Amino acid sequence: SNLATCLLIWIFGIRATSVFVLSMTCTEILLIHLSASGVKVPGMKEWVENVGREGEIPGEGALYNALGVLFTLGLLRDQPLAGIAVIIILATGDGLATFVGSGYGRHKLPWNRGKSVEGTIGFAVGAMGAFLVMPTAGTLAIVLMSSIIESLPLKVNDNIVIPVAASLMYYF
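Residues numbered from 1 in each chain as written. Predicted model: local features only at pLDDT ≥ 70, side-chain atom pairs only at ≥ 80, totals over all residues. Heavy atoms only, no water.

Peer 1: When you look at a nonpolar patch on the surface in this model, what are you seeing that I'm missing?
Peer 2: Taken together, Leu 7, Trp 10, Ile 11, Phe 12 and Leu 81 make up a surface patch of nonpolar side chains, about 590 Å² in accessible area. The element best represented in the nonpolar patch is helix α1 (residues 2-12), accounting for four residues. Turning to its location among the elements, Leu 81 is positioned in helix α5 (residues 80-104). (Patch = residues over 30% accessible without salt bridge, like charges linked within 9 Å, V, L, I, M, F, W, Y side chains within 5 Å. Areas by Shrake-Rupley, 256 points an atom, 1.4 Å probe, with all protein chains shown as cover. Salt bridge = Lys/Arg side-chain N within 4 Å of Asp/Glu carboxyl O. Helix = DSSP H or I, 4+ residues; strand = E, 2+ residues; numbered from the N terminus.)

Printed below as a string of structure tokens:
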């Protein structure tokens, strides 16, 4: 969905994409509420099982992701390429960190025993996709800083921390 959002920004612009993402987020909240209230929503159970992690409230990660993307779209509304770069950092960086860390992570980070060196490297490699959109030294610095931030033992979901931090770095 994040990479599709990048495509929508490219085709329709950042403002129209913001309206679409906000509409989809409101719809998601309504559907999750209905499902949690016992109303049978076709496909909702399967969707929640596919996008959720164990121990999360149904749809929690997806909601944080949407809020992080909305923050990015709002703050970087006059810088669509930077917005796309942030969303790529979130999508490919976080996705590859999870894949590499859970599958191949053997060396735990000293400051965060829940994450691995391999997962952090995976994040950095995946996040470098942003360099394709914004090939600048600033993007390299933002990818490295985002990798460090993602590795920290924060109590806030990284689906919101990463886009907020990266957006602020691009903004300033």
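Peer 1: Before we go on, may I ask you to explain the pattern of salt bridges in this structure?
Peer 2: Here the idea is simple: oppositely charged side chains can pair when their charged atoms come close. The tally for this structure, following the rule as stated, stands at two salt bridges. A salt bridge links Asp 78 to Arg 15, with the shortest nitrogen-to-oxygen separation between them at 3.0 Å. Highlighted residues: Asp 78 in the loop between α4 (60-75) and α5 and Arg 15 in helix α2 (residues 14-36), separated in sequence by 63 residues. The pair formed by Asp 78 and Arg 15 is uniform in burial state, with each residue classed as exposed. A salt bridge links Glu 150 to Lys 115; the nearest nitrogen and oxygen atoms lie 3.0 Å apart. With Glu 150 in helix α8 (residues 137-151) and Lys 115 in strand β2 (residues 112-116), this pair connects stretches of sequence that are 35 residues apart. Classification of Glu 150 as buried rests on a relative accessible area of 7%. On the basis of relative accessible area, Lys 115 is assigned to the partly exposed category, the value being 23%. (Buried < 20%, exposed > 50% of the residue type's maximum accessible area, 1.4 Å probe, protein only.)

Peer 1: Explain the environment of Lys 45 here, please?
Peer 2: Tracing the sequence through the fold places Lys 45 in helix α3 (residues 44-51). Considering only alpha carbons, one finds Lys 45 and Ile 32, 13 residues apart in sequence, at a separation of 9.4 Å.

Peer 1: Teacher, can you tell me more about helix α6 (residues 117-127) here?
Peer 2: In an α-helix there are 3.6 residues to a turn, and that puts residues three or four apart on one side. Within the span of α6, buried status applies to Glu 118, Gly 119, Thr 120, Gly 122, Phe 123, Gly 126 and Ala 127. As for α6, its buried residues are in contact with α5, β1 (108-109), β2, α7 (130-133), α8 and α9 (158-171). (Contact = heavy atoms within 4.5 Å.)

Take it as geometry only, folks, not as evidence of what the structure does.
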